[in-house]
Amino acid sequence: ETHKDEIGLLMTDQRMPGEKGVWLLERARKLRPRIIRVLATAYADMDAAIAAVNSGAIYKYVSKPWDPPQLEETLKHGLEFFIVQTERDKLKFQRLFELLFKDELATLPAGSRISLKAELQNESAKPEIVLHISDNGPGLPEEALRVIFDPFVVQGSVPSEYGINLMACFFIVHHHGGKIEAKSRAGHGTTFIIRLPLQPERAASSSLDDGAFLQKALLNEGLWEKLLTVG
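Rules and cut-offs
- Residues numbered from 1 in each chain as written.
- Predicted model: local features only at pLDDT ≥ 70, side-chain atom pairs only at ≥ 80, totals over all residues.
- Heavy atoms only, no water.
- Helix = DSSP H or I, 4+ residues; strand = E, 2+ residues; numbered from the N terminus.
- Buried < 20%, exposed > 50% of the residue type's maximum accessible area, 1.4 Å probe, protein only.
- Polar contact = N/O pair within 3.5 Å; in protein donor to acceptor, adjacent residues only side chain to side chain.
- Phe/Tyr/Trp six-rings, centres within 6.5 Å; stacked < 30°, edge-to-face > 60°.
- Lys NZ or Arg CZ within 6 Å of the ring centre and 35° of its normal.
- Pairing = 2+ DSSP bridges.
- Axes fitted to C-alpha atoms, helices over the stretch in contact; angles between N-to-C directions.
- Salt bridge = Lys/Arg side-chain N within 4 Å of Asp/Glu carboxyl O.

## Some points on the side chain of S184
Alright, step 1. Mapping S184 onto the fold places it in strand β6 (residues 179-184).
Alright, step 2. Residue S184 is classed as buried on the basis of its relative accessible area, which comes to 16%.
Alright, step 3. In terms of polar contacts, S184 uses its side chain to reach the backbone amide nitrogen of L140, at 2.7 Å.
Alright, step 4. Side chain to side chain, S184 and T190 meet in a polar contact 3.0 Å long.

## Examining the packing of aromatic side chains
Alright, step 1. Applying the stated criterion across every chain, the model contains 1 aromatic pair.
Alright, step 2. A centroid spacing of 6.4 Å and a plane angle of 25° characterise the contact between F97 and F101, whose relative ring orientation is stacked. Here F97 pairs with F101, and both are found in helix α4 (residues 93-107), just 4 residues apart, close to one helical turn.
Alright, step 3. Classification of F97 as partly exposed rests on a relative accessible area of 23%.
Alright, step 4. Given a relative accessible area of 28%, F101 falls into the partly exposed group.
Alright, step 5. Sitting above the plane of the Y61 ring, K60 keeps its charged end 5.7 Å from the centroid.

## Details of the sheet that holds strand β5 (residues 128-135)
Hydrogen bonds between backbone atoms are what pair the strands of a sheet, whose relative direction is either parallel or antiparallel.
Alright, step 1. Taken together, 4 strands build an open sheet; the order of strands is β4-β5-β7-β6 and the sheet is antiparallel. Each end of this open sheet is capped by a strand with a single partner; those strands are β4 (114-121) and β6. Here the average twist between neighbouring strands, direction ignored, is 15°.
Alright, step 2. Pairing analysis gives 6 bridges linking β6 to strand β7 (residues 190-197), with the strands arranged antiparallel. Bridging across to β7, E181 finds its partner in I193.

## A word on the environment of M11
Alright, step 1. Tracing the chain through its elements places M11 in strand β1 (residues 9-13).
Alright, step 2. Separated by 47 residues in the primary sequence, M11 and I58 have C-alpha atoms spaced 9.5 Å apart.

## Details of the pattern of salt bridges
Any two side chains of opposite charge can pair, on the condition that their charged atoms come close.
Alright, step 1. Under the counting rule described, the total for this entry stands at 4 salt bridges.
Alright, step 2. A salt bridge links K64 to D13; the shortest N-O distance between them is 3.0 Å. Taken together, the residues K64 in the loop between β3 (60-63) and α3 (68-88) and D13 in strand β1 connect sequence positions 51 residues apart.
Alright, step 3. Residue class for D13 comes out partly exposed when judged on its relative accessible area of 26%.
Alright, step 4. R195 is the partner of E128 in a salt bridge, and the nearest nitrogen-oxygen pair spans 3.1 Å. With a gap of 67 residues between them, E128 in strand β5 and R195 in strand β7 connect regions that are remote in the sequence.

As structure tokens, this is what we get:
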């Protein structure tokens, strides 16, 4: 409780003297929902670990005995997620474009062109700004589009840090009540489409608390499972 503002990730054993590990992590969630919570458990406690994931008390469990290098990667990536979601509240739209363009420059061949178009839509109902960031690069296959906001999938020789850039963009846009998607055709370039409401409804952006949104973002794509195999 004294250091709750300094903790990014908390990992605890399930079996300890007194309360169980799940109780500790649940209390940590109430103090600071954004702390990444990991439970270390033996096979006999697997049911408790799965129940804790399903209830949102933890993001991931690791089985004992663990492999030290693998555990190190799991903790490292967990902290990377913590940093991304923390920066989401600090970053402005300038940062959003900086991250998008950085990702584009890292993946496009020399001589490529990037264009940006913005327009106002739904002027009478719920007005929103729609942005199109397009390039004339080689485009992406359907399989790559499905995981384009996944920071731990490496496309070709591109380092995974650029996936983290796009994940940060996803968080920033969501935080402002908007949506981001990517469309692409082989040989016809890639387009990022961002929809941002002019008057964001607070209920829409806060319908999921920080912990629930992060858990949804991770678990829907099986991202935590990939963390254990990332080299």
